[in-house]
There are 2 protein chains.
Amino acid sequence: MDTDVTEFIQGVWELPKEVLEEFCKSFQLLDIPKDYFLLREGKVCKHIWVIHRGLVRHFYTDEKGKERNTWFSAEYSFTSNVISLLNQNASRESIQLLEDSIIYAIPQATITALQQKHHSFCRWYIKMLESFYFAQIDQRVDELQFLNATERYHNLLERAPTFSRRISLGNISSYLNISQETLSRIRSGK
Amino acid sequence: MDTDVTEFIQGVWELPKEVLEEFCKSFQLLDIPKDYFLLREGKVCKHIWVIHRGLVRHFYTDEKGKERNTWFSAEYSFTSNVISLLNQNASRESIQLLEDSIIYAIPQATITALQQKHHSFCRWYIKMLESFYFAQIDQRVDELQFLNATERYHNLLERAPTFSRRISLGNISSYLNISQETLSRIRSGK
DNA sequence: AAAGGCATTTGATCTACATCAAAAAGTTAT
DNA sequence: ATAACTTTTTGATGTAGATCAAATGCCTTT
């Protein structure tokens, strides 16, 4: 187990050493290439993933067959399809790597078991949800409801400066809900 | 304490009787008139509210001074400004009653204290966040990103059929991010 | 270096929805 | 009932950003 990752876990909320160990030893280390799918639409999500190095996109395919990105996650973040994970029902989204990545897979079974077993783990989990899910999704609602195309783009640049280098224009425009052509014009400054 | 409310609390996740009692006895019963503010922009959110009867809107005031609704909550739902509550920082939103309402206020201090004290309470709290926050906000992102004005309106009608009777057109249009005029035309079927 | 395959840019139109303005309908107070 | 609001509707016009189409630029592979 990488010390970076245990530190990352501990950074969320300090777990007792033995609980941390029990937790981390259930992680599965994945070293996987670009384009690989962590999750496919229609499957039940069975993991929370911690990205150690790399980048993924969340997307789904609309009625017209167009892929629409809903999220990106990069190194040192948790990623999962929370809705499918919680309800253990079919996911509407897929999750795919945009770069060769090193990822820890945390089984859903571990999360459930440790919640039952350890009070401290519940507190860790609450903190994790709060800081890695709420904070982000709240921002997302905000930018979708209140910002225009140009503002959404600049907002993303600020929040995640590396994305504009690492993610293609087409993938970014899909996430921002802007056509590729319009985003190209925005980026060139009109 | 109303048995309806304890049942509602128990419906989230079954709490041991003594924890439930400790929890419920901290609730403060509010019987307050239309237009009252549960929370004002700039203040720190100190409660989660359970609406027993009535209706509230969440909104903030934009740079041009226009009020923009972000959420409605009606009877038998939890409502709060989660971001302000969690970080105990100034809220950007206000929460105001749209109808005379009966509401239970759960102090943030209770939530924090019971989380520390009871494993079972943490499990209740996780369930509450999952079912009353995630599920809803996820839907919200979806409708904002992928639906057009007409679809957003019909989506709301389905999700909350009573709202179109109880909430003025202006307040609905603001929430849906549609101008009042356009919503009027949509509603009249063009 | 040439050829093929993507990703990005540029230009010309089109459209969903906003904005502005005013009339009509509904509500509340005198 | 009449006046004075407030909310909703209707009509005319404006615009951000989509869509369609074609050109350009950029990697690969040979």
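All figures in this text were calculated on a predicted structure; none of them were measured in a lab.

In the vicinity of DNA strand C, 16 residues are found, and the nearest of them are A:Ser184, A:Arg185, B:Ala149, B:Glu181 and B:Thr182. Sugar and phosphate atoms represent 47% of those atoms of DNA strand C found within 4 Å of the protein. A distance of 2.9 Å separates a phosphate oxygen of DNA strand C from a polar atom in the backbone of B:Ala149. Between DNA strand C and B:Glu181, the relevant distance is 3.0 Å, taken from a base nitrogen to a side-chain nitrogen or oxygen of the residue. Taken together, the elements giving at least two residues each to the surface near DNA strand C come down to helix 8 (169-176) and helix 9 (180-187) of chain A together with helix 9 (180-187) of chain B. Ranked by residues supplied to the surface near DNA strand C, first place goes to helix 9 of chain A with five residues.

Bringing the domain arrangement of chain A into the picture now. Residue and element names in this part refer to chain A. Structurally, chain A comprises domain 1 (3-128) and domain 2 (147-190). Each of domain 1 and domain 2 was reduced to a C-alpha centroid, and the two centroids are 25 Å apart. Taken together, the contacts link 13 residues of domain 1 with eight residues of domain 2. The junction of domain 1 with domain 2 conceals about 930 Å² of combined surface from both sides, 51% of it contributed by carbon and sulfur atoms. The three residues of domain 1 that bury the most area against domain 2 are Leu55, Asn69 and Phe72, which together make up 51% of that side's buried surface.

This paragraph deals with the interface of chain A and chain B. Across the boundary between the two partners, chain A contributes 33 residues, which contact 33 residues of chain B. Counting each side, the surface lost to burial between chain A and chain B is near 3000 Å², with a carbon and sulfur contribution of 64%. The largest contributions to the chain A side of the interface with chain B come from A:Phe134, A:Gln145 and A:Phe146, which together make up 22% of the buried area. Linking chain A with chain B are two salt bridges, by the criterion used here. With its nearest N and O atoms 3.2 Å apart, the salt bridge here joins B:Asp142 to A:Arg92. At the boundary of chain A and chain B, one finds 14 residue pairs in polar contact (both at pLDDT 80 or more). Taken together, the elements giving at least two residues each to the side of chain A that touches chain B come down to strand 5 (67-74), helix 3 (82-87), helix 4 (108-117), helix 5 (119-146) and helix 8 of chain A.

The strand order across the open sheet formed by four strands is 2-7-4-5 (chain B), and the pairing between neighbours is antiparallel. Each edge of the sheet is formed by a strand with only one pairing partner; in this case those strands are strand 2 (37-39) and strand 5 (67-74) of chain B. The mean inter-strand angle of the sheet, taken between neighbouring strand axes irrespective of direction, is 30°. Of the pairings in the sheet, the one linking strand 2 of chain B to strand 7 (residues 94-97) of chain B comprises two bridges and is antiparallel in character. Opposite B:Phe37, over in strand 7 of chain B, you have B:Gln96 as the bridge partner. Its contacts with the sheet put helix 5 of chain A on strand 4 (55-61) and strand 5 of chain B, and the angle it makes with strand 5 of chain B is roughly 130°. Strands strand 4 and strand 5 of chain B of the sheet are contacted by helix 8 (residues 169-176) of chain B, whose axis makes an angle of about 100° with strand 5 of chain B.

Cut-offs applied
Residues numbered from 1 in each chain as written. Chains lettered and ligands numbered in written order. Predicted model: local features only at pLDDT ≥ 70, side-chain atom pairs only at ≥ 80, totals over all residues. Heavy atoms only, no water. Near = heavy atom within 4 Å. Polar contact = N/O pair within 3.5 Å; in protein donor to acceptor, adjacent residues only side chain to side chain. Helix = DSSP H or I, 4+ residues; strand = E, 2+ residues; numbered from the N terminus. Domains from an automatic or database assignment. Contact = heavy atoms within 4.5 Å. Buried area = accessible area lost by both parts, 1.4 Å probe. Salt bridge = Lys/Arg side-chain N within 4 Å of Asp/Glu carboxyl O. Pairing = 2+ DSSP bridges. Axes fitted to C-alpha atoms, helices over the stretch in contact; angles between N-to-C directions.

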